[in-house]
Amino acid sequence: EAQVTQNPRYLITVTGKKLTVTCSQNMNHEYMSWYRQDPGLGLRQIYYSMNVEVTDKGDVPEGYKVSRKEKRNFPLILESPSPNQTSLYFCASSPTRTTTNEKLFFGSGTQLSVL
Amino acid sequence: EDQVTQSPEALRLQEGESSSLNCSYTVSGLRGLFWYRQDPGKGPEFLFTLYSAGEEKEKERLKATLTKKESFLHITAPKPEDSATYLCAVHLFNNYGQNFVFGPGTRLSVLP
């Protein structure tokens, strides 16, 4: 089944403890992206990747890191999480790296709580 | 600044009561407007893409329309299973990659 898989679904951690949220897609998509979703603010882009080894900042990149060593994986790293990073996170992918109108395929989300 | 707003924030309908959701945008260069449906605890799922003013797309009880400044999602004779949050997003021109700006969503509840 074609899908975007995120893990974990739920994560509770403490301030400053490094964590990684994994994202994997099995559709051979070139484009991948991370979003956070907060009440009243909608989905905001954190980082995106046009292809392997090519990443760039979205609208809210502070406090996050990403890597794209393989086409299928795009992990989100929080080196020193803070309470303001408590949010619902979504990974998304789309087929091409061109700026055409490709729809996004989303994972099921990771609910992160930073205490 | 590129901005997308949606109204109403929440909408409660009786089954069969038709209505419309609004998505308004002020952006510098629109490549397309997307509608997604999001169920609780799940990621958004694609519904429609509209590319130019005057375009319309339909899927079952849903019809999306686009003008130069806004889009409407019309829901005809809704059923309880249409209850979800509906998100619109604009796809923008830029020099370095895909940039989608999402609205905050409209939370729709359809009561039996």
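Report follows, based on the coordinates.

Conventions used here
Residues numbered from 1 in each chain as written. Chains lettered and ligands numbered in written order. Predicted model: local features only at pLDDT ≥ 70, side-chain atom pairs only at ≥ 80, totals over all residues. Heavy atoms only, no water. Pairing = 2+ DSSP bridges. Helix = DSSP H or I, 4+ residues; strand = E, 2+ residues; numbered from the N terminus. Contact = heavy atoms within 4.5 Å. Buried area = accessible area lost by both parts, 1.4 Å probe. Salt bridge = Lys/Arg side-chain N within 4 Å of Asp/Glu carboxyl O. Polar contact = N/O pair within 3.5 Å; in protein donor to acceptor, adjacent residues only side chain to side chain.

Every other side chain in a regular strand lies on the same face of the sheet, so the side chains alternate between the two faces. All names here are of chain B. In terms of strand pairing, strand β4 (residues 30–38) meets strand β5 (residues 45–50) through 5 bridges, oriented antiparallel. Within β5, the position partnered with Y36 by the bridge is F46. Here β4 folds back onto β5, and the loop between the two strands holds 6 residues, one of which, G41, carries a positive phi near 75°.

This part covers the sheet that holds strand β8 (residues 76–78) of chain A. Residues and elements named next belong to chain A. Read from one edge to the other, the open sheet built from 4 strands follows the order β1-β3-β8-β7, with strand pairing classed as antiparallel. Each having just a single partner strand, β1 (4–7) and β7 (65–66) make up the two edges of the open sheet. With 4 bridges connecting them, β1 and strand β3 (residues 19–25) associate as antiparallel partners. Within β3, the position partnered with T5 by the bridge is S24.

Turning next to the interface of chain B and chain A. If you look at the interface, chain B gives 22 residues, while chain A gives 26 residues. Across the chain B to chain A interface the summed buried area is about 1,900 Å²; carbon plus sulfur atoms make up 50%. Connecting chain B to chain A are 0 salt bridges. Applying the counting rule to chain B against chain A returns 3 residue pairs in polar contact (both at pLDDT 80 or more). Only β4, β5, β9 (84–92) and β10 (99–102) of chain B provide two or more residues apiece to the side of chain B that touches chain A. The greatest single-element share of the side of chain B that touches chain A, amounting to 5 residues, is contributed by β4 of chain B.

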